Amino acid sequence: MTVLRFDNVSKQYPGGHAALAGVSFAVEAGEMLFVTGHSGAGKSTLLRLIQLAERPSRGAVLFGERNLAKVRGGGIARHRRGLGVVYQDHQLLMDRSVAENVALPLVLRGMKRAEIGKRVRVLLERLGLGARERALPSQLSAGEQQRVGIARAVIAEPAMLIADEPTGNLDPTLSAEIMALFASLPERGTSVLVASHDLGLVRRMRKRVLVLDHGQLADDIAPEDLADE
Amino acid sequence: MNEKVADVHASRFGAWLDHHGYSIVASLGRLLRKPWATLLTIGVMAIALALPLGLWVVLGNVARLGGEVQASRDVAVFLKPAVAPAAAAALADTLRARGDVAAVEVVTPEAALAQLRAQPDIAAAIDALGADAARAALPSVLRVVPRGDERLLADALRTLPEADRVQHDAVWRERLDAWLRFGGRVVLVLAALLGLGALLVVGNTVRLDIQSRREEIGVLQLLGASDGFVRRPFLYLGAWYGLAAGGLALGVLTLAWMGLHAPLAELAARYGSDFALRGLDPLQAGGVLLGAGLLGWLGAGLVTGHYLRQTRPGKG
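What you see is a predicted model, and the numbers here were worked out from it, not measured in a lab. (Residues numbered from 1 in each chain as written. Chains lettered and ligands numbered in written order. Predicted model: local features only at pLDDT ≥ 70, side-chain atom pairs only at ≥ 80, totals over all residues.)

## Some thoughts on the overall build of chain A
The helix and strand tally for chain A stands at 7 helices and 10 strands. The principal-axis extents of the C-alpha atoms in chain A amount to approximately 45 × 45 × 35 Å. For chain A, the residues scored as buried account for 42% of the 229 residues in total. Counting contacts in chain A only where the partners sit at least 6 residues apart, residues at least 24 apart contribute 69% of the total. (Helix = DSSP H or I, 4+ residues; strand = E, 2+ residues; numbered from the N terminus. Buried ≥ 20, exposed ≤ 12 C-beta atoms within 10 Å, placed from the backbone. Contact = placed C-beta atoms within 7 Å.)

## Describing helix H10 (residues 227–270) of chain B
Each α-helix winds once per 3.6 residues, and so residues spaced three or four apart point in a common direction. Taking 1.5 Å as the rise per residue, H10(B) with 44 residues should run 64 Å; its terminal C-alpha atoms sit 63 Å apart, in good agreement. If you look at H10(B), its biggest bend is around 35°, right at His261(B), and the proline Pro263(B) turns up within four residues after that. (Expected span 1.5 Å × (residues − 1). Bend = angle between axes of the 7 residues up to and from the residue.)

## A look at the interface of chain A and chain B
Across the boundary between the two partners, chain A contributes 24 residues, which contact 18 residues of chain B. Every element with two or more residues in the side of chain A that touches chain B is listed here: helix H2 (74–81) and helix H3 (98–108) of chain A. For the side of chain A that touches chain B, the element with the most residues is H2(A), which contributes 5 residues. When grouped by side-chain class, the residues that make up the side of chain A that touches chain B number 12 nonpolar, 5 polar and 7 charged. (Nonpolar A, V, L, I, M, F, W, Y, C, P; charged D, E, K, R; others polar.)

## Notes on the nonpolar core
All names here are of chain B. In terms of nonpolar packing, the biggest core is built from 105 residues, with Met45, Leu49 and Ala245 touching the most fellow members. Not counting residues up to four positions away in its chain, the partners in contact with Ala245 are Ile42, Met45, Ala46, Leu49, Ala198 and Ala292. Val75, Leu79, Leu91 and Leu157 belong to the second-largest nonpolar core, a separate cluster that totals 15 residues. (Core = buried A, V, L, I, M, F, W, Y, C linked by C-beta atoms within 7 Å.)

## Digging into the sheet that holds strand S6 (residues 83–86) of chain A
All names here are of chain A. Taken in spatial order, the 6 strands line up as S6-S7-S8-S3-S9-S10 in an open sheet, and their pairing is mixed. Each of the sheet's edge strands pairs with one partner strand only, and the pair in question is S6 and strand S10 (216–221). For this sheet, the mean inter-axis angle between neighbouring strands, taken without regard to orientation, is 15°. Across 4 bridges, strand S3 (residues 32–36) lies against strand S9 (residues 208–213) in parallel orientation. Looking at the pairing, Phe34 lines up with Val209 of S9. (Pairing = 2+ DSSP bridges. Axes fitted to C-alpha atoms, helices over the stretch in contact; angles between N-to-C directions.)

## Structural notes on the sheet that holds strand S4 (residues 163–168) of chain B
The strands that make up a sheet are held in pairs by hydrogen bonds between backbone atoms, and each pair lies either parallel or antiparallel. Residues and elements named next belong to chain B. Taken in spatial order, the 4 strands line up as S2-S3-S1-S4 in an open sheet, and their pairing is antiparallel. Each of the sheet's edge strands pairs with one partner strand only, and the pair in question is strand S2 (101–107) and S4. Neighbour to neighbour, the strand axes of the sheet diverge by 20° on average, direction disregarded. Here strand S1 (residues 75–79) runs beside strand S3 (residues 141–146); their pairing, made up of 4 bridges, is antiparallel. Bridging from a neighbouring strand, Phe78 pairs with Val141 of S3.

## Observations concerning the environment of Pro137(A)
Residues and elements named next belong to chain A. By secondary structure assignment, the location of Pro137 is in the loop between helix H4 (113–126) and helix H5 (142–154). With 20 C-beta atoms packed within 10 Å, Pro137 lands in the buried category. With 45 residues separating them along the chain, Pro137 and Phe182 place their C-alpha atoms 22 Å apart. Once residues lying within four places of it in the same chain are set aside, the contact partners of Pro137 are Leu92, Met94, Val98, Asn101, Gln145 and Val148.

## Details of the domain arrangement of chain A
By a frequent convention, interface size equals the accessible area lost on bringing the separate parts together. Residue and element names in this part refer to chain A. Segmenting chain A into domains produces domain 1 (1–82 + 158–224) and domain 2 (93–157). A straight line from the C-alpha centre of domain 1 to that of domain 2 covers 24 Å. Contact residues are listed per partner, giving 12 residues for domain 1 and 11 residues for domain 2. A total of 3 residues in the side of domain 1 that touches domain 2 trace back to one element, the largest contributor, which is helix H6 (residues 172–184). Broken down by class, the residue content of the side of domain 1 that touches domain 2 amounts to 8 nonpolar, 2 polar and 2 charged. (Domains from an automatic or database assignment.)

## Regarding the environment of Lys70(A)
Examined against the element boundaries, Lys70(A) turns out to sit in the loop between strand S5 (66–67) and H2. Taking the C-alpha atoms as reference, Lys70(A) lies 9.8 Å from Ala60(A); in sequence the two are 10 residues apart.

## Notes on the pairing of S6(A)
Residue and element names in this part refer to chain A. Every second residue of S6 is oriented toward a common face, with Leu83 and Val85 on one face and Gly84 and Val86 on the other, all of them buried. Two strands pair when backbone bridges link them, and S6 and strand S7 (residues 160–164) are joined in this way by 4 bridges, in the parallel orientation. For Gly84, the partnering residue across the bridge sits in S7 and is Leu161.

## Topic: the pairing of strand S2 (residues 18–28) of chain A
Residue and element names in this part refer to chain A. Sheet topology note: the strand S1 (residues 2–12)/S2 ladder contains 7 bridges and is antiparallel. Paired with Val9 across the bridge in S2 is Val23. Counting the residues that bridge the hairpin from S1 to S2 gives 5 residues, and of these Gly15 lies at a positive phi of roughly 105°.

## Topic: the environment of Leu181(A)
Residue and element names in this part refer to chain A. Inspection of the secondary structure assignment puts Leu181 in helix H6. Taking the number of C-beta atoms within 10 Å as the measure of exposure, Leu181 has 17 and is therefore partly exposed. Between the C-alpha atom of Leu181 and that of Ile150, which follows or precedes it by 31 residues, the distance is 9.3 Å.

What follows is the structure in C-alpha cells.
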C-alpha cells in the first residue's frame, strides 16, 4: 500500500527560486528510505510539503488516498497528527519537562492522562531517558535532546516518520543507535523517510535512496544497487 | 464497540478539560512572571474602562437628583394678588372638573408663609419684614397635577384671567432629560472608543506574547495542534487582563465614591435634601467584570485568529 506519493511536484518560491522541479516518487507502507543531496538541493522543502507547512506550486502530494492540496482548516492539524517529525535542532519546548514534551502528540490526540503517562515512561526507558523524565531540555546533552525529539516523534506510532538530518549533531555511536531505532519502526508499520547529507550513514543503512540535485530527482537507488553507486 | 466510542469521547472530553485547566494555569503563570508589564497593561485598560463607567455613574446620579427635585409633573399657577383665597378655592374646584387635571392643591398665602417660616434663614427675614406685609406679598398658588399632556394644560392655564404667572416645571425637566439623553450618548460614544482602546491594548499585549512564543506555537502546529489548542491559553490570558482591569476600574470608582460621598451628602443636607451618591450595585459590578473579561477574550481572540491565519500554508 502506498503511503506517500509525489506526483510531478514543483515548488517555486516568490522571486522565482525553484526548490523542487517535477519530482515524482512513492513510499510504500513500512518502507524506510533516505533523501540525500547537497545543501539547497530541496530536501527540506520536500519534508515541508509532506508536513503541509507549504503547498506545491504544481503537481500533487498524496498521503494515502488524500490529496494534500485539498486539505484545509482543521484537516491540516489532523494530517500532521498522522506524522512523526524529527528535527535536526530538536524543536523541543524548553519550558516543559522531557515527559511533557514526549507526551505532546498523545495530548493532541486526546488520549487519557493515565495512558499517556504509561506510554511515555515505557518509551523513555527504552531510549535510556527514564531517569531524565522530569528534566528540562536545557538540562540535557545534545544527544539526549535528540532522543527526546525522536521519542516525541514515534510515541503516537504515526503512519510515517520524517526526519531532517536527525544525526547532524551526534557522535557516530549515537547516530548508529538512532538509525537502528528508525530501522525497527517499519516492522510496526511506520514508514520512515530520512533526509540526510551524510552519505556514509546512508550507505551503511542499505536502504532505498532518493538523490535530489537542484530541486530535481536525480536518482532513485534501490538498496541492492547501493553498493555499486 | 459502542463502549469503545463512548470511551474515546469521554477521553477526548477529559483531554479537552485537561487542556482548559492547563491553559488557565499557564496563562495566569505568564501574567505573574511579568508583574510590572502586567500591571501596566491592566492599569491602562482599567483607566479606559473607568472613564465611561464613572461618567455613567455620574449621569445616573444626576438623573436621580433630577427625579428627586422634580418627581411630579406639577404645573404651578400663581394667581394675581387681587384674587382672594375664596376665589382661588372656587377656581380650583372649576379646574378639578377638567379631564386633563388629576388634582389641584390650593396654597394660600397663609400656608405659603408657614412653609417659608420652616426655613430658618427666611423666617428671620419674615420677622424683619413683618408677617402681615409678607402675607400681603404672597399670592395664592394653585398646584395642578396634570392627567395628560401637561404642556397643553399649562398653555390653557396661562389663558385664565386670574393667572398672573404659570410655572411649568416640566420644561425644566424636559431640558434636564435632554441633557441626560445627550450625556448618555456621550457615555456610549466614550465607552465605544475607550472599549476599542482597551481591546487594542489587550490585542497588542497578546500579540507581543504570541511573538515571544512564536517558535513554541510553530512546533505545536507542526505536531498537529488544532487552532483551538493554540488559541486557548491566549484567550485565557486576554480574559485575565480584562477581568483584572474591570476589577481595578471598579476599585478606582469605589475610591472616587468614598472620596465624594461624604462632602456631597453634606452639600445636599444644606439644601434640605437627603440625596446620597450611589455607586454600582453588585449586579452592575458583576456585569462590568463580565464585560471586561469578554472584551479581553475578544481582543486576544482577534489577534490570535489573525496570527493563525497567517501561519497557514499558502497557495504554493
